[in-house]
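An overview of the molecular structure
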Amino acid sequence: MEEALEMVRVKDTKERMAGVERLRQVLEATTRSLSAAEVTALVDACMDLLKDSNFRVSQGALQALSAAAVLSGENLKLHFNGLVPAVVERLGDGKQPVRDAARQLLITLMEVSSPTIIVERAGSYAWTHRSWRVREEFAWTVTAAIGLFASTELPLQRVLLPHVLQLLTDSNQGVREAATSCIEEMYAQVGPQFCDELHRHHLPSSMIKEINARLEKIQPKPQLSDGVGISYISAEMRPSFANHKKNSPKVKIAQRETSFSSGDNESAEKPPVPINVFSEKELIKEFENIASMLVPEKDWSLRIAAMQRVEGLIFGGAIDYKSFPTLLKQLIAPLNTQLLDRRSSIVKQLASQVTIVPFTTYLSGILGLKPVLGL
C-alpha cells in the first residue's frame, strides 16, 4: 500500500490516476486489518485526492476509502470529523460517478460504524447545504439507509423525519422528489402508523393530501412476527451509541458466520414482499433488469435490492412459469460475483436467498453457492 500511496502524490495526472487505481486494487485484495498508522496515511492522502480537478481521481479515492473502511475497524472512526464533511461535499460534484461513489462510501461507513452516527454527522452539513445537489443526493442516501438499516438501528423519528419534511418545501424540484421518495420508503418500512406521526408535524393540508396520494400506492413491508420493528410512537429511542461495539467489522464477520451456519438471519425472519408478474415477457424483463443491477460497478445497496427482487418474484409465483429455471440460470455469474464482495450485507442477502425453500430447489447443484456459504 505504501507504494500506491507514493504514486497518488505525484503531479502528473495520468500517473496519479494510475496510483489511485492501484491503491483501490491493493485494498480490495487485502484481507488483513489496517493499522492505525496505515489508516491515517490513507485518509490524509485521500482527503487531498477528493479535491482533485480530475473527477476520476476523486472517484477512485472515494472507492478506495470504501474498500478501506471494511479493513479499518475502530481506526477509521478517529477520522470521521474530517472525513464525513469531505465526503458530503463530493455529493455535490458535477460528475454523477463521483456522487455515486460518495453515496456508496457514506452507506459503507454506516455499515461498519453506526447508521445513526453517520446520518447525524453527515446531516449536520448536508440537510441545509448551499448546493441543491448535496441536499438531493443526501436524501437519496438516506432513502437507501432506511431500506438497509431501519429495522435494526436507525431511529427515524428523531434523526430523519423533521429534516426530510423540511426538504419537501425545498426550492429545487429534484430535492423535493428525493425527499418524497424518502418518505415513501419510511412508510414502506413502518406501515400505517407512519401516517399518525406525519399528522403530529402539523403539515399543510395540501401537502398531507399529496403525500397520502403517493403512500396509497405503496404496500408496506411485513413486520416481524414477534413485534420487533420500528416504532414511531414510542418516545424511547435507542441511543446512537448502542450498537457501537457490535457493529465493528470483526464482530460483524463473527455474527455473519454464526448466522450462516445456523440458517437464522434477519432476512430469513422477515418474509419478502411478493412481486407478481402476469406474463413470460414481463418475467423476462424483470430478470434482465435484475442482471443489469448485479454488477460490481453498481452501488451495493442497489445490488441488495436486486437480490431482494428475486425473492419477491419467487414468493409472487414466478416459479410457475416454464422459463423461470432458464432465467434463473442466467443469474449464475452475477450472483457468484456477489460472493467476491467484502461487505457482509451482500453475502448475508445472498445466503438468505439460498435458504428460501423454492430458491434452494433451483440453486442447489445449479449455482453451487451453498458449499461456499457454509449452508
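Let us look at the structure shown here. Here the structure is a predicted model, which means the values were calculated and not measured.

Notes on the overall build of the protein
When its secondary structure is counted, the protein shows 22 helices and 0 strands. Looking at the protein as a whole, 50% of its 375 residues qualify as buried. Excluding contacts between residues fewer than 6 apart, the proportion of contacts in the protein whose partners are at least 24 apart in sequence is 74%. Summed over its atoms, the accessible surface of the protein is roughly 17700 Å², and 52% of this surface lies on carbon and sulfur atoms.

With respect to the environment of K14
Mapped onto the secondary structure, K14 falls in helix α2 (residues 13-29). Since its relative accessible area comes to 68%, K14 is described here as exposed. Taking C-alpha positions, K14 is 9.7 Å from N54, a pair spaced 40 residues apart along the chain.

A look at the pattern of salt bridges
Applying the stated criterion across every chain, the model contains 13 salt bridges. The residue D93 makes a salt bridge to R90 at a minimum N-O spacing of 3.2 Å. Judged by relative accessible area, which is 17%, R90 ranks as buried. Its salt-bridge partner being E197, residue R200 comes within 3.4 Å of it at the nearest N-O pair. A relative accessible area of 45% places R200 in the partly exposed class.

A few points about the packing of aromatic side chains
Overall, the coordinates contain 2 aromatic pairs when judged by the stated rule. A cation over a ring is seen here: K95 above F55, with NZ or CZ 5.2 Å from the ring centre.

Notes on helix α5 (residues 80-90)
The element α5 is extensively covered by neighbouring structure, given that 8 of its 11 residues are classed as buried. If you check which residues of α5 are buried, you get F80, L83, V84, P85, A86, V87, V88 and R90.

Quick look at unusual backbone geometry
In this structure, H202 is a non-glycine residue whose phi angle is positive, near 50 degrees. Of note, H202 is situated in the loop between α12 (193-199) and α13 (205-215).

Remarks on the environment of Q96
With respect to the helices and strands, the residue Q96 is situated in helix α6 (residues 96-112). Of the residues examined, Q96 reaches a relative accessible area of 33% and is grouped as partly exposed. Considering only alpha carbons, one finds Q96 and Q59, 37 residues apart in sequence, at a separation of 9.7 Å. Discounting chain neighbours no more than four positions away, the residues touching Q96 are R103 and E137. Side-chain polar atoms of Q96 contact the side chain of R99, separated by 2.3 Å.

Definitions and limits used
- Residues numbered from 1 in each chain as written.
- Predicted model: local features only at pLDDT ≥ 70, side-chain atom pairs only at ≥ 80, totals over all residues.
- Heavy atoms only, no water.
- Helix = DSSP H or I, 4+ residues; strand = E, 2+ residues; numbered from the N terminus.
- Buried < 20%, exposed > 50% of the residue type's maximum accessible area, 1.4 Å probe, protein only.
- Contact = heavy atoms within 4.5 Å.
- Areas by Shrake-Rupley, 256 points an atom, 1.4 Å probe, with all protein chains shown as cover.
- Salt bridge = Lys/Arg side-chain N within 4 Å of Asp/Glu carboxyl O.
- Phe/Tyr/Trp six-rings, centres within 6.5 Å; stacked < 30°, edge-to-face > 60°.
- Lys NZ or Arg CZ within 6 Å of the ring centre and 35° of its normal.
- Polar contact = N/O pair within 3.5 Å; in protein donor to acceptor, adjacent residues only side chain to side chain.

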